[in-house]
Amino acid sequence: MNTKTNILIIGAGLCGSLLALRLAQRGYKITLVEKRPDLRTQHQDAGRSINLALSDRGLKGLRLAGVEEAALQLCIPMYGRMIHDMEGNTFLSKYSGRANEYINSISRPGLNMLLLDEAEKMPNVTIIFNKGCKSVDLENGSATFKDYPTNEEVTYTGDIILGTDGAGSSVRKAMFNHKKFLFSFSQEWLTHGYKEITIPPANDGGYRTEKGALHIWPRGEDMLIALPNLDGSFTVTLFLPYSNSEYCFDNLTTPEMVTEYFTKEYPDAVALMPNLVEEFFSNPTGPLGTIKCSPWNSYGKTLLLGDAAHAIVPFYGQGMNASFEDVVVFDEILDRFTSESTDWNTVFYEYEKARKKDTDAIADLAVDNFHEMKEHTASALFQKKRKLETAFEAEFPDKYYSKYSLVTFKEEITYAEALQQGRAQDKAILNLLDDGKLPEDMELSEKLKLVQQQTQAILHDD
Ligand code: FAD
């Protein structure tokens, strides 16, 4: 490996800071440049800001860089979906029948700060804040940044550039706009946007509702979810259409309308959110979209990773996890293809060849899960299916993994494999349940045999 390679990483979010840490551990000289101020020196209450579901693929990336244990200190385990119906009744639908399989709620800024701290400890990492990338010279490997607040321009070069500047990536835009470069790009927006609201801690500092679950209020078109924070609060996210619906962001324009909507749809949640109306109007509404593009590599000089390469909708809780898995896959490719005279074009090409089908798969799975969460979690057939799958996983832990478990917990298989197997299983179980072929009195082992046979038949037909 040529450890003298200078690597310029653009974007010190979750992916960029983990990547910087890992590549520094491999001996490269890293310059990590971030548009925003250093979030460690800005006042913020990490535990109360946006949180994310961290699961096995993300943990694998953190483990690779030696920071898994430190990250787990920031986590709250969530064992299943706590479904809230219109009457305020709740039931827990476990994520898996295997007791050791759960997901974690973690603060985004808390995790980002940890990764920046660890990267900064490395003598071969320089982190520069307040510099937003404006343009990239793809052929020569340099990027020009605007300094905030002076607006002065500065150019940094690298032997290679890694673009981890998120869904709105400037590096990707440079590829898109480069006339000599054939670049495919697609962006699909959901009709829904999202808005965050807070459930504050209880007066005694505890949690106002069950801490160890991801709460969901599924309402067909709309949905509310809530994830716990370490300080006793929950971050609630409303997913709602922008327009063309009885209740939508376009027409929830007065405190009365907001109160009416929440009281009608989420009465038990309203009781937990004392600042609902105020937060509804002061917090931004964010769009939700999927971005796919190719190639991720230009001229063997620049490569896109993380959301810059593949932004997805958040419904599988996998965007960050996939971005951390990018670091693992990139690291494996470096093991195989680096030498004293590394050909970066080959490294980048092999990386995309190994990774693209999987990030496309999780993008599609995430859209599937949007419909599953907002509509299907409330349906009797879906609940029957989940119950059966949880029983399979508990009784036959080595023989059955639901689609959710394949994606979330079985990190040794790829997203593309999880999609293929998971969709076939779903179809098999739903068909068998609907046709009455899995009666209550049938032995569980017999049910599993039938589901597996039917799954194989579906996979064979596809
Ligand atoms: P980002 O985290 O967006 O980081 C990009 C960084 O680049 C930022 O620091 C930004 O300031 C910087 N930057 C941007 N432009 C420039 C520029 N021009 N120059 C320099 N720097 C720049 N994922 C999960 O795994 N689990 C979840 O539960 C989950 N929930 C989500 C909920 C919501 C509502 C949303 C929107 C996303 C969610 N995600 C989740 C997805 C997750 O947030 C992203 O996949 C993840 O942040 C991607 O990391 P990244 O580093 O590639 O991009």
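This one's a predicted model, so the numbers in the text were calculated from it and none came from an experiment.

A. Region of the structure containing the site of the ligand. In the vicinity of the ligand, 30 residues are found, and the nearest of them are Glu34, Ala53, Arg108, Cys133 and Asp307. Contacts to the ligand include Ala53, whose backbone N or O atom sits 2.7 Å from an oxygen atom. In isolation the ligand offers 1,000 Å² of accessible surface; the protein chains occlude 87% of this area. Elements supplying a minimum of two residues to the shell around the ligand: α1 (14-25), β3 (51-54), β9 (131-137) and α9 (319-337). Element by element, the count of residues in the shell around the ligand is highest for α9, at four residues. Of the residues in the shell around the ligand, the class split is 11 nonpolar, 12 polar and seven charged.

B. Quick peek at the pairing of strand β15 (residues 222-228). Burial within β15 is extensive, with seven of its seven residues counted as buried. Here β15 shows two buried faces, one formed by Asp222, Leu224, Ala226 and Pro228 and the other by Met223, Ile225 and Leu227. Looking at chain direction, strand β14 (residues 214-219) and β15 are connected through five bridges and run antiparallel. Looking at the pairing, Trp217 lines up with Leu224 of β15. Counting the residues that bridge the hairpin from β14 to β15 gives two residues, and of these Gly220 lies at a positive phi of roughly 80°.

C. Highlighting the environment of Lys357. Here Lys357 shows up in helix α10 (residues 344-374). Taking the C-alpha atoms as reference points, Lys357 and Ala416, separated by 59 residues in sequence, lie 6.3 Å from one another. At 3.3 Å, the side chain of Lys357 and the backbone oxygen of Ala354 are in polar contact.

D. Highlighting the side chain of Ser233. Within the secondary structure, Ser233 sits in the loop between β15 and β16 (234-241). When its relative accessible area of 0% is taken as the criterion, Ser233 is described as buried. Only 2.6 Å separates the side chain of Ser233 from the side chain of Asp231, close enough to count as a polar contact.

E. Spotlight on the sheet that holds strand β19 (residues 302-304). Pairing is mixed in the open sheet, where six strands are placed in the order β8-β2-β1-β12-β19-β18. Strand pairing shows two members of the sheet lacking a second neighbour, β8 (125-128) and β18 (297-298), which therefore form its edges. Pairing of strand β12 (residues 160-163) with β19 involves three bridges; the strand directions are parallel. When the sheet's bridge partners are listed, Ile161 is paired in β19 with Thr302. Across the sheet, α1 is in contact with β1 (6-10), β2 (29-33), β8 and β12; its angle to β2 comes to roughly 170°. Across the face of the sheet, helix α5 (residues 170-177) comes into contact with β1, β12, β18 and β19 while running at roughly 115° to β19.

F. Examining the sheet that holds strand β10 (residues 142-147) more closely. Read from one edge of the open sheet, three strands run β9-β10-β11, paired in antiparallel fashion. Only two strands of the sheet have a single partner each, and these edge strands are β9 and β11 (153-157). In this sheet, adjacent strand axes meet at a mean angle of 30° when their direction is disregarded. Examined bridge by bridge, β10 and β11 share five bridges and lie antiparallel to one another.

Reading the values: the criteria
- Residues numbered from 1 in each chain as written.
- Predicted model: local features only at pLDDT ≥ 70, side-chain atom pairs only at ≥ 80, totals over all residues.
- Heavy atoms only, no water.
- Near = heavy atom within 4 Å.
- Polar contact = N/O pair within 3.5 Å; in protein donor to acceptor, adjacent residues only side chain to side chain.
- Areas by Shrake-Rupley, 256 points an atom, 1.4 Å probe, with all protein chains shown as cover.
- Helix = DSSP H or I, 4+ residues; strand = E, 2+ residues; numbered from the N terminus.
- Nonpolar A, V, L, I, M, F, W, Y, C, P; charged D, E, K, R; others polar.
- Buried < 20%, exposed > 50% of the residue type's maximum accessible area, 1.4 Å probe, protein only.
- Pairing = 2+ DSSP bridges.
- Contact = heavy atoms within 4.5 Å.
- Axes fitted to C-alpha atoms, helices over the stretch in contact; angles between N-to-C directions.

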